[in-house]
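# Topology and contacts: notes
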Amino acid sequence: MQRITVQTTPIEGQKPGTSGLRKKTRVFMGAHYLENFVQAIWAGIGGVAGKTLVLGGDGRYFNDRAAQVILRMAAASGAKKVIVGQNALLSTPAASNLIRIRKTGGGIIMSASHNPGGPEEDFGVKFNTPNGGPAPEDVTNRIFEATRQVTSYDIVETQDIDLSRLGAMRLAGMEIEIVDPVADYAALMETLFDFDAIRGLLASGFRLRFDAMHAVTGPYAKAILEEKLGAPAGSVVNAVPSPDFGGGHPDPNPIWAKELMDAMFAADAPDFGAASDGDGDRNMIVGRGIYVTPSDSLAVLAANAHLAPGYAAGLKGVARSMPTSRALDRVAAAKGLDCYETPTGWKFFGNLLDAGRVSLCGEESAGTGSDHVREKDGLWAVLLWLNIIAVKRQAVADMMTVHWSEFGRNYYSRHDYEGVETDKANTLVDDLRARLADLPGKVFSGLTVETADEFAYDDPVDGSRSENQGIRVAFEGGARIVYRLSGTGTVGATLRVYLEDVESDPAKMHRDAQEALSAVISAADEIGGITRFTGRSEPDVRT
Ligand code: G1P
Ligand code: ZN
């Protein structure tokens, strides 16, 4: 075993995006690519010497190889210990939990989340800080700076470490502890939810289907839903994680989780359906014959979280990312809760959670979570829903009807234009930005613009400011359009257009969302010039 220093030169484009560094797997597998980035992480966090880290990933192609490299580099740079999930697996929320309960110096999560996996697909690496959350911008900026200056990296030359055996071992003076990826996470869930009540619900004939999409939540869902809570074997489907997610796209939305949607809209549909993504932080909730949008799910959870033991004392406050629908705001107003609006990306919730200002937060992109960890958490959301249903004993469709009639309904949809040429996407945004001041008072598709601006966020906890976080156009009567470019894609640009309108008339609350939003949708094209700039007449994905 030998510690060596390898000469290298900076590689362009190693800039962490919305959630860590994501690139094509082949790019990550290129000479020095991963090593340069990991060395830059050490530099960005003030060195790894003497620290304990957590390491795990979603099991995608190259996860196992990357884990070996990261362990050898941590050992070479003097880390005290690395706690690794067995077979280098850890869901993102489970990693966040381990980072926190073991009081570590942070952790590295290997994942490209909901992006497909495989040699021709995507890979990613992300650093989480000791609070368990994604590194904030000052840290990711330092990491990026370090990638531009790296001249060498340190690594230990050794045989592969056997990560399949639980227990402790040493690597060049560094301790490695291989842990069961599920145990601590399952124990945490048991402290938050009334497992007896959920067991009772499932024993009463309530049927559930959880689709792990061949990704990391399979073992977690089997252990918790089937083994601990008594859901019949087979309730968890696509439960074995595979390096290419069974050739699928592990993104829990009605498009990519079509198999689940079909099952939930069939004649013999189960009562409750849910899915999670590649690394287990997203969730999709479906009732029999009804899809619950993530924004609505967040609002329902805010209204009912107190029914679960972990939240019985009430919520401290709530937060949502700016493009997420304002259904949450209605619940917060009714309950007298503070409601924060943050930029897209979970890292912006960290300070609010750490400061005890909020205990529930969420994003329209199928992310919901609380102060139990510092990441969004797919299975947690499923368990909270099940706990609420176990208390209310109401069908999901009935719960939604009751919720909307109490708070009003925010019709909501996101239209994604993927793989747009970067120049064209940037021109669209620049052109729109230049016209913002002229928009108020103008009418598009019968909707009058009230305000138009570009979102900037002043963090109320640390005073930091984040600019250029999406363009928002609000209309008289409550409709809204948001335009943003994705920060997680790996090819070209993805334009996201977020569409919302408010309905307070109970007679009009059961329409198809695309139909209810048709005026907002055509206004979005008129205002943004989507077809004009991108040449696209239809989005690639509507969620
Ligand atoms: C997307 C979602 C965002 C989420 C992120 C990581 O980022 O829109 O809400 O936090 O993935 O899961 P985007 O590609 O829009 O930058
Ligand atoms: Zn994810």
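About the criteria used
- Residues numbered from 1 in each chain as written.
- Chains lettered and ligands numbered in written order.
- Predicted model: local features only at pLDDT ≥ 70, side-chain atom pairs only at ≥ 80, totals over all residues.
- Heavy atoms only, no water.
- Near = heavy atom within 4 Å.
- Polar contact = N/O pair within 3.5 Å; in protein donor to acceptor, adjacent residues only side chain to side chain.
- Areas by Shrake-Rupley, 256 points an atom, 1.4 Å probe, with all protein chains shown as cover.
- Nonpolar A, V, L, I, M, F, W, Y, C, P; charged D, E, K, R; others polar.
- Buried < 20%, exposed > 50% of the residue type's maximum accessible area, 1.4 Å probe, protein only.
- Helix = DSSP H or I, 4+ residues; strand = E, 2+ residues; numbered from the N terminus.
- Phe/Tyr/Trp six-rings, centres within 6.5 Å; stacked < 30°, edge-to-face > 60°.
- Lys NZ or Arg CZ within 6 Å of the ring centre and 35° of its normal.
- Salt bridge = Lys/Arg side-chain N within 4 Å of Asp/Glu carboxyl O.
- Arc of directions from axis to C-beta.
- Contact = heavy atoms within 4.5 Å.
- Axes fitted to C-alpha atoms, helices over the stretch in contact; angles between N-to-C directions.
- Parallel < 35°, antiparallel > 145°, perpendicular 65-115°, else oblique.
- Pairing = 2+ DSSP bridges.

### So, the site of ligand 1
Taken together, 15 residues form the shell around ligand 1, and within it Ser365, Ser486, Gly487, Thr488 and Arg496 come nearest. With respect to ligand 1, the side chain of Arg282 contributes an N or O atom lying 3.1 Å from an oxygen atom. Take Ser365: an N or O atom from its side chain is 2.6 Å from an oxygen atom of ligand 1. Taken by itself ligand 1 offers 380 Å² of open surface, and the protein chains cover 99% of this. Tallied by class, the residues present in the shell around ligand 1 amount to no nonpolar, eight polar and seven charged.

### Quick notes on helix 4 (residues 92–101)
Since the α-helix packs 3.6 residues into each turn, any two residues three or four apart lie on the same face. Within helix 4, eight of the ten residues are buried, which leaves the element mostly enclosed by the surrounding structure. Positive backbone phi, at 50 degrees, marks Lys103, one or two positions downstream of helix 4.

### Quick word on the packing of aromatic side chains
Here the structure, examined in full by the defined rule, presents nine aromatic pairs. Relative to Tyr33, the ring of Phe28 has its centre 5.3 Å away and its plane inclined at 75 degrees; by these criteria the two rings are edge-to-face. Residues Phe28 and Tyr33 agree in their burial class; the two are buried. Every member of this aromatic cluster is reached through a ring pair, and the members are Phe28, Tyr33, Phe62 and Phe123. Across from the ring centre of Trp404, 3.9 Å away, lies the NZ or CZ of Arg409, which sits over that ring.

### A short note on the pattern of salt bridges
Enumeration over the complete set of coordinates arrives at 42 salt bridges. Arg60 is paired through a salt bridge with Asp58; the nearest N and O atoms lie 3.0 Å apart. Grouping residues by exposure puts Arg60 and Asp58 together as buried. Its salt-bridge partner being Asp271, residue Arg288 comes within 2.9 Å of it at the nearest N-O pair. With a gap of 17 residues between them, Arg288 in the loop between strand 13 (283–287) and strand 14 (290–292) and Asp271 in the loop between helix 9 (258–264) and strand 12 (272–276) connect regions that are remote in the sequence. Through salt bridges that share partners, Arg320, Arg326, Asp329, Glu341, Asp453, Arg472, Arg480 and Glu500 make up one connected network.

### A word on helix 6 (residues 183–192)
Burial in helix 6 covers these residues: Tyr185, Ala186, Leu188, Met189 and Leu192. Viewed end-on, helix 6 has its buried residues packed into an arc of 155 degrees, placing them on one side of the element. Of the surrounding elements, those touching the buried residues of helix 6 are helix 4, helix 7 (195–203), helix 8 (217–228) and helix 13 (378–392).

### Structural notes on the packing of helix 13 against helix 14 (residues 396–407)
A pair of packed helices is captured by two measures, namely the crossing angle of their axes and the spacing between those axes. Running from amino to carboxyl end, helix 13 crosses helix 14 at an angle of 85 degrees, the nearest separation of the two axes being 11 Å. When the axes of helix 13 and helix 14 are compared, the pair comes out roughly perpendicular. Residues Trp385, Ile388, Ile389 and Lys392 of helix 13 lie in contact with helix 14, whose contacting residues are Val396, Met399 and Met400. Classifying every residue of the contact of helix 13 with helix 14 gives six nonpolar, no polar and one charged.

### Thoughts on the sheet that holds strand 19 (residues 409–420)
Strand order in the open sheet formed by seven strands is 20-21-24-25-26-19-27, with antiparallel pairing between adjacent strands. The open sheet is flanked by strand 20 (443–444) and strand 27 (541–542), the only strands paired with a single partner. Judged from the ten bridges that link them, strand 19 and strand 26 (residues 493–503) form a sheet pairing that is antiparallel. From the neighbouring strand, Tyr411 faces strand 26, where its bridge partner is Asp501. Each of strand 19, strand 21 (447–454), strand 24 (471–475), strand 25 (480–485) and strand 26 is contacted by helix 15 (residues 422–435), which is oriented at about 140 degrees to strand 25, the strand it contacts most. In the packing of helix 17 (residues 518–528) onto the sheet, contacts are made with strand 19, strand 20, strand 21, strand 24, strand 25 and strand 26, and the angle to strand 25 comes to roughly 50 degrees.

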